[in-house]
Structure formats: structure tokens, C-alpha cells
Amino acid sequence: MVFESFYLSCLAHASYLIGDGGEAAVVDPQRDVEQYLAAASAHGLAIKWVLETHLHADFVSGHVELAARTGATIVLSHRAGAAFRHRAVRDGDTLRLGAVRIEVLETPGHTPEGVCYLVTDEAHAGTAPRLLTGDTLFIGDVGRPDLVTSKGFTGDEMAGLLYDSLRTRILTLPDAVEVYPAHGAGSACGRNISRERSSTIGEQRRFNLALREMSKDAFIRLVTTDLAPPPAYFGHDAETNRRGAAALADLPVPPALAPDAVERALAAGALVLDVREANAFLGGHVPDSVHIGLGGQFAPWAGALLPVDAPLVLVTESAEEVGEARMRLARVGLERVIGYLDGGVAAWEAAGRPVRAMTQMTVDELAAARSGTLHVVDVRRPTEFATTRIPEATSLPLDDLRALAAPGGAALDPLSGVAAPLAVTCQGGYRSAIAASLLARHHRGPIVNVIGGTAAWIASGLPTLHTDVPAAAGGA
């Protein structure tokens, strides 16, 4: 049996290819499907099935494109209500690939239509089966049960279904069964996911806190308490996956735009998205740009912070980065990339347009200056802030700044009444640069980015504090 995993770090997403007898199945594919086609070809396999464990909310799936390009059949739960041609499966249904048997286990809880796939190589009786768990069971965690409340289910109701699924369908399997989930650490679909990519039922039975012996009521409290709101784009992506996304090749190629064309686009409501690294952005950028660095968790932060229907003009380090940014935006359902600034910020400045720069300071400079002269803003998540923080810092999670990316967001500036300059910090500097760009779109006072963030502060031996800010969960 061929079994190959594919891991996309930016979205902490795992997908899989299973093959035998000249045929293959791809499980939970990401939107750009070329790698599955290449892998199947390398193994001499024809893709027969595209298996989805559920309608994903954190990324746009490539199931429709992959099926169209290979003639494969998409497989989904009968509860999915998908709008495209597919095979609707129920608990106990089986699929075959040569000597490989794939059994469907209905496991609602993360979503109503969630299923797992139990993969058994019948040609090798001593080989442990593999369980592809989607977002039902992670390594060290279980899927959030609160992502479908707008569909008529409460988080408590879904948590109750998840309790039953885990105990009647998954924990009844032998300890040797190997577990392969759809996400790893950093995914917003869970909150305590391990960095390990696989495990066994036995290991999870021993070490996963959500699987320990407890009543259903206790489980519901455990998995529904202190959950942060789901990222704003999740509902959009789930519905896109229910309908089926357009092929990436069908999306328009972003054209190069001269500075005057960018100005016209801005006047018509477009948003400039600067994807360069933080130092380049802070050193000079198109005023009112939103910055999200291509080198970090670009796609999930773009999905979480940008209006899903916003026309986007990209600013990149090079024209070659435009294609990468466009693809990574499309992975989370942001498809309206209307162009990129030809020649970048240098061309903008050469055309006589204004460029804005933002100041940075080291943690030692912050320690010397902060008493009364700066308002320190920590944009990490509440759980991080609660663990260790810079004295006198105010918690303002980056997720809460989403409204500042939208037109007219000035009235929503949470720091509009602060007179002192803002010193923005996070853990290492990636999120603080994003936050600085959002605040700068509306905040009138000076904004300073703290180099190296809290990690640099701790490394320098500077004093830290702890607080009892309530812990929130579920973020990337």
C-alpha cells in the first residue's frame, strides 16, 4: 500500500494519498492540487476517490478541481448537503483500492457531517490499520465543537455528539490503530494540538486529556469553555467547500498596475496588502496599507483580518512573489486580487506619491522609555498574555483589530483615546508589525514596533509579570 502525507505548515494542514492496485484516493486535499497529481503519477496510480472528512472551514479544498482533472469521485457524508456531484456515504460504507479497504465511520461533533476513514491493508494482515480522523480527533486534542452554531446547532449540542463519536466509534478501535488527523499545532480548529503528526489510539487514550474517563457533561464543559470566536473567514470557506471552489487556473492573473492605477483602485475601495517582510514594510510603504508578511502564517492571518470580498492590490518584494501570494490567499478564499504595484514602493515614491515609515525600538529602549511616555500594547492572544507579559502592557489581541481593515474602521479604533505613542509588541515581531499597520490606518498618534517582542524582552532578562486574564482558546 502506498501511503503518503502532505503537510502545509502555513495552515497546519495535513492531507494524504492512499494507493494500491493502480488506484489511489486523496484525503482532504488543499486547494492547489498539483502535488497530488505528481505523487500519483510517480507511484503509477490513477486517482479514483477524493475523500473529504468534512466541509472544512479553515481552508478552501481542491476536491472539485481534483475530481474534474482526474475523473475521480468525491466522497462526503450524506449529511454534507454538497452542491456538486459526489458519493454520499454512511456509517459502515466501504471503498476499495486493490487490497486496501476503506471503511467510513460517522463521527459528528466538530461538524454534523464529520466522518473518519479506517484504512486497512488486507494484503498485509500484520500491518496496523490507519485512521484518518479529519478534525474529529487531533494528536493531543479534539476538534472544536462551536464552528457551526449558525447552522442551527449549539456548541453544547455538537460537543455532546463529539463525546459520543469519540467513545462509541473511535475509542472502541484497537490501541495499535494509527491516527492521522487533518491538522497539527497552530490550527484554529483545535486549541491544544500537538506538534506530532501522527499517533495511535492507545497513545491518545493515555495522553489526550479530552479522551480520559469523564461524564458527557464534564466533556461538554471541557471542550466549550473559554473558546475564542472562530476566525471570521471560516463560515465563508465552509460554504465555498459546500458549493465547490473554482479551479485555481480559472482565477484571473493579477496584472501589474502603475501608481496612478493603484490610486484609482484605492479611490474605488480597494485595499493595499503589503506582503513584504516587516522591516521592509516599516521602512516605507504606501499609506494605509495592511501588512501581512508572506514569510509567516500569512494565509490564516489574511483570512482572519481581511474582508473576504475586498479587492486587493499587492505590494511584494518582486513580481515572482505575486503568484505565491495569490495562491496562498486563494487557499483561504480570498480571490479578489485585482493587481500588484508594478515596481513596488520604489516606483510609488518615484512617481511622487507619499510614503509612510514607522519607527522601531529594541526592548532595551522600551524598558528605558516606557514609564509614562509610551502605551505598550501586546497583541498576542489572551492565553499568551496571561502566561508572561511586559509590565504595564495592555492586552489587545490582533484578532480584535479586524474591523480596522475595513473602510470606515476609524470609529472602531480601540485606542483612539490614547494620547501617548503606542509601542506594539507580540511574541517575536510578526504579529506586532501586522497590528501596527492596522492601527496606523486610523490611529492618529505615533506607533512604534517593538523588535523581537516578548521573546526578546525575556531573553534580555527584563522583568515580567503574570496576570489572571481569562484564557481564550482556538487560534493559529
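Higher on the page you've got the structure.
None of these values were measured; they are calculated from a predicted model. (Residues numbered from 1 in each chain as written. Predicted model: local features only at pLDDT ≥ 70, side-chain atom pairs only at ≥ 80, totals over all residues. Heavy atoms only, no water.)

### Overview of helix α9 (residues 298-305)
Among the eight residues that make up α9, eight are buried, leaving the element largely enclosed by the rest of the structure. Within α9, the full set of buried residues consists of Phe298, Ala299, Pro300, Trp301, Ala302, Gly303, Ala304 and Leu305. Lining the buried residues of α9 we find β16 (271-274), α10 (320-330) and α14 (430-440). (Buried < 20%, exposed > 50% of the residue type's maximum accessible area, 1.4 Å probe, protein only. Helix = DSSP H or I, 4+ residues; strand = E, 2+ residues; numbered from the N terminus. Contact = heavy atoms within 4.5 Å.)

### With respect to the nonpolar core
In this structure, Leu273, Ile292, Leu306, Leu329, Leu398 and Leu438 are the most contacted members of the largest nonpolar core, which totals 57 residues. Leaving out residues up to four positions away in the same chain, leucine 398 has contacts with Trp301, Leu305, Val379, Arg431, Ile434, Ala435 and Leu438. Counting 23 residues, the second largest nonpolar core, distinct from the first, contains Cys116, Ile139, Ala159 and Leu211. (Core = buried A, V, L, I, M, F, W, Y, C linked by side-chain atoms within 4.5 Å.)

### Concerning the sheet that holds strand β18 (residues 312-315)
Taken together, the five strands give an open sheet; going across it, the order is β15-β19-β18-β16-β17, and neighbouring strands pair in parallel fashion. Only two strands of the sheet have a single partner each, and these edge strands are β15 (256-257) and β17 (290-291). For β16 and β18, the ladder comprises four bridges, and the chain directions are parallel. Paired with leucine 271 across the two strands is leucine 312, which belongs to β18. (Pairing = 2+ DSSP bridges.)

### Regarding the sheet that holds strand β13 (residues 178-181)
Read across the open sheet, the six strands follow the order β7-β8-β9-β10-β13-β14; overall the sheet is mixed. Looking at strand neighbours, the two that pair on one side only are β7 (94-97) and β14 (199-200), the edges of this open sheet. Summarising the sheet, strand β8 (residues 100-106) and strand β9 (residues 115-121) pair through seven bridges and their orientation is antiparallel. Paired with valine 104 across the two strands is tyrosine 117, which belongs to β9. With respect to the sheet, helix α3 (residues 155-170) is in contact with β8, β9 and β10 (130-134), its orientation differing from that of β8 by roughly 145 degrees. (Axes fitted to C-alpha atoms, helices over the stretch in contact; angles between N-to-C directions.)

### Points about empty space enclosed by the protein
Inspection of the entire model under this criterion finds one cavity of 30 Å³ or more. What the largest cavity holds in volume is close to 30 Å³. Leu251, Pro252, Arg326, Leu334 and Glu335 together form the lining of the largest cavity. Its residues placed into classes, the lining of the largest cavity shows three nonpolar, no polar and two charged. (1 Å grid on protein atoms, 1.4 Å probe; cavity = no way out; pocket = protein on both sides within 12 Å on 5 of 7 lines; lining within 4 Å. Points joined across faces, edges and corners; volume = space filled by probe spheres on them. Nonpolar A, V, L, I, M, F, W, Y, C, P; charged D, E, K, R; others polar.)

### Examining the environment of arginine 206
Of note, arginine 206 is situated in helix α4 (residues 201-207). A relative accessible area of 56% places arginine 206 in the exposed class.

### Let's talk about the packing of aromatic side chains
Summed over the entire model, instances satisfying the criterion amount to six aromatic pairs. Ring geometry for phenylalanine 6 against tyrosine 36: centres 5.0 Å apart, planes inclined by 75 degrees, an arrangement best described as edge-to-face. Pair noted here: phenylalanine 6 is in strand β1 (residues 2-8) and tyrosine 36 is in helix α1 (residues 34-42), with a separation of 30 residues, a long-range link. On the basis of relative accessibility, which here comes to 9%, the residue phenylalanine 6 falls in the buried class. For the pair tyrosine 16 and tyrosine 180, a centre-to-centre distance of 5.8 Å together with 80 degrees between the ring planes defines the contact as edge-to-face. With tyrosine 16 in strand β2 (residues 13-20) and tyrosine 180 in strand β13, the pair connects residues that are 164 residues apart, well separated along the chain. Accessibility classification places tyrosine 16 together with tyrosine 180 in one group, the buried group. By way of ring pairs, the aromatic residues Phe3, Tyr16 and Tyr180 are connected into one cluster. Against the face of phenylalanine 3 rests arginine 130, its NZ or CZ located 4.5 Å from the ring centre. (Phe/Tyr/Trp six-rings, centres within 6.5 Å; stacked < 30°, edge-to-face > 60°. Lys NZ or Arg CZ within 6 Å of the ring centre and 35° of its normal.)

### Things to note about the side chain of glutamate 65
Of note, glutamate 65 is situated in helix α2 (residues 63-70). Residue classification places glutamate 65 among the buried positions, given a relative accessible area of 9%.

### Focus: the pattern of salt bridges
Counted by the stated rule, this structure contains 21 salt bridges. Notably, a salt bridge pairs glutamate 23 with lysine 48, separated by 3.6 Å at the nearest N-O pair. Of the two residues, glutamate 23 sits in strand β3 (residues 23-27) while lysine 48 sits in strand β4 (residues 46-51), which places them 25 residues apart along the sequence. With a relative accessible area of 27%, glutamate 23 lands in the partly exposed category. A salt bridge links arginine 31 to glutamate 335, with the nearest nitrogen and oxygen atoms 2.7 Å apart. Placement of the pair is arginine 31 in the loop between β3 and α1 and glutamate 335 in the loop between α10 and β19 (337-341), with a sequence separation of 304 residues. On the basis of relative accessible area, arginine 31 is assigned to the buried category, the value being 1%. Taken together, the shared-partner salt bridges in this structure form one network comprising Glu34, Glu65 and Arg69. (Salt bridge = Lys/Arg side-chain N within 4 Å of Asp/Glu carboxyl O.)

### Considerations on helix α6 (residues 234-243)
Of all the residues in α6, the buried ones are Phe234, Asp237, Ala238, Thr240 and Asn241. For α6, the arc enclosing every buried residue in end-on projection is 160 degrees, short of the 170-degree limit, so these residues lie on one face. Lining the buried residues of α6 we find α2. Phi for glycine 244, located one or two positions after α6, is positive at around 100 degrees. (Arc of directions from axis to C-beta.)

### Quick look at the pairing of β19
Counting buried residues in β19 gives four out of five residues, a clear majority hidden from the surface. Two elements, β15 and β19, share two bridges in a ladder whose sense is parallel. Counted as the bridge partner of alanine 256 is tyrosine 340 from β19. On the question of chirality, the crossover connecting β18 to the parallel β19 by way of α10 is right-handed. (Right-handed = clockwise from strand over helix to strand, strands pointing away.)

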